[in-house]
Amino acid sequence: MLRPSHAFAALLALAVPATSFAATAPQSFKGEYTVSYLGLSIARATFSSRYVGDSYAIDGTVSAAGLGRLFDDTKGTISSKGIISDKRMTPQVFRADYTSGKKASMVDIRFSNGAVSSTQVVPAPGKRDPKSWVPIGDGDLKSVLDPMAATVIHADSLDKVCGRTVKFYDGEMRADLTLTYASKGSISVPGYKGDTVTCKMGFEPVAGYRKGRKALNYLKDKSRMLVTFAPVGQSGVYAPIRATVGTQIGPLTISAGRFEAAN
């Protein structure tokens, strides 16, 4: 199983904010998700976000579940904090702590002036083969979003959710993720019943990855990835409520079991 920050981010890290967000009162959102493969549950995730003025805080938990626990008993916590300014979400700190069996791991990313200022990964990555590894350049970590900050969109309406690209960084890999309009619809889950918009997602690795990796090539060239967004109350925030990603072994699906906003 992918480590929690990578797995959830690969499915849900999708968008750059489109408009500024200035709440007159605190806005909160809670979501509960199930990750499934061929209809069988393999992981669960819960997320809560809070927006106060121009600041935001997002916290989540991810754990293996069902069939997934037979292969990798991974569980962890993820958090992201930052501000919303100049019509953009600007992360300040991202952290993921997780365990797989008895092995503990951590990813800590710090930001300054809209760019990554430091990255700490424990255990540290091994030595890379310079012949196959695409290193991260000086300009690759400017105006990037962390895995949690990239799961929400600020837009004027459902019509403006798609049609954007995000520079995404998870502590190792930099990738560009694009959203293009696919369709409109509606959905009913505990906490929300109403309109949705579905975007097709494209994936383009930029740096921090090994050339020739089959899984990445499949995501880039062959995978069909769709993400459905719904509004979080009247906040102007839109969050994923369902996502499907085609993989070499079959489709992965993330679906919300609960999706609700509360003041």
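The model shown is predicted, which means the values in this text are computed figures rather than measured ones. (Residues numbered from 1 in each chain as written. Predicted model: local features only at pLDDT ≥ 70, side-chain atom pairs only at ≥ 80, totals over all residues. Heavy atoms only, no water.)

Engineer: Please give an account of the pattern of salt bridges that cites residues and values.
Structural biologist: Considering all chains together, one arrives at nine salt bridges under this definition. A salt bridge links Glu 260 to Arg 258, with the shortest nitrogen-to-oxygen separation between them at 3.6 Å. Note on Glu 260: relative accessible area 27%, which makes it partly exposed. The class of Arg 258 is partly exposed, set by a relative accessible area of 31%. One salt-bridge network, in which partners are shared between bridges, spans Arg 95, Asp 97, Asp 108 and Arg 110. (Salt bridge = Lys/Arg side-chain N within 4 Å of Asp/Glu carboxyl O. Buried < 20%, exposed > 50% of the residue type's maximum accessible area, 1.4 Å probe, protein only.)

Engineer: Talk me through the pairing of strand β12 (residues 192-207); I want residue IDs and the actual numbers.
Structural biologist: The pairing of strand β11 (residues 174-189) with β12 spans 15 bridges and is antiparallel. Counted as the bridge partner of Lys 184 is Val 197 from β12. Once β11 ends, the chain turns through two residues before running back antiparallel as β12, passing Gly 191 with a positive phi of about 100°. Pairing geometry for β12 and strand β14 (residues 225-231), over four bridges, is antiparallel. From the neighbouring strand, Thr 198 faces β14, where its bridge partner is Thr 228. (Pairing = 2+ DSSP bridges. Helix = DSSP H or I, 4+ residues; strand = E, 2+ residues; numbered from the N terminus.)

Engineer: Break down the nonpolar core for me, with residues and values.
Structural biologist: Grouped together as the largest cluster of nonpolar side chains are 66 residues, with contacts concentrated most on Tyr 33, Met 89, Phe 94, Val 161, Phe 203, Phe 229 and Phe 259. Those residues in contact with Phe 203, other than ones at most four positions away along the chain, are Met 173, Ala 175, Asp 176, Leu 177, Leu 216, Leu 219, Lys 220 and Met 225. (Core = buried A, V, L, I, M, F, W, Y, C linked by side-chain atoms within 4.5 Å. Contact = heavy atoms within 4.5 Å.)

Engineer: Tell me about the environment of Gly 163, and please be specific about residues and values.
Structural biologist: Residue placement: Gly 163 occurs in the loop between β9 (153-154) and β10 (164-169). For Gly 163, a relative accessible area of 65% corresponds to the exposed category. Distance from Gly 163 to Lys 200, taken between C-alpha atoms, is 9.5 Å for residues 37 residues apart in sequence.

Engineer: Can you explain the packing of aromatic side chains? Please cite residues and give values.
Structural biologist: Across all of its chains, the model carries three aromatic pairs by this definition. Between Tyr 192 and Phe 259, the aromatic rings sit 5.8 Å apart at their centres with planes inclined by 70°, giving edge-to-face as the arrangement. One end of the pair, Tyr 192, is in strand β12; the other, Phe 259, is in strand β16 (residues 250-262), and 67 residues separate them in sequence. On the basis of relative accessibility, which here comes to 15%, the residue Tyr 192 falls in the buried class. Among the aromatic residues, ring-to-ring pairing joins Phe 29, Tyr 192 and Phe 259 into one connected group. (Phe/Tyr/Trp six-rings, centres within 6.5 Å; stacked < 30°, edge-to-face > 60°.)

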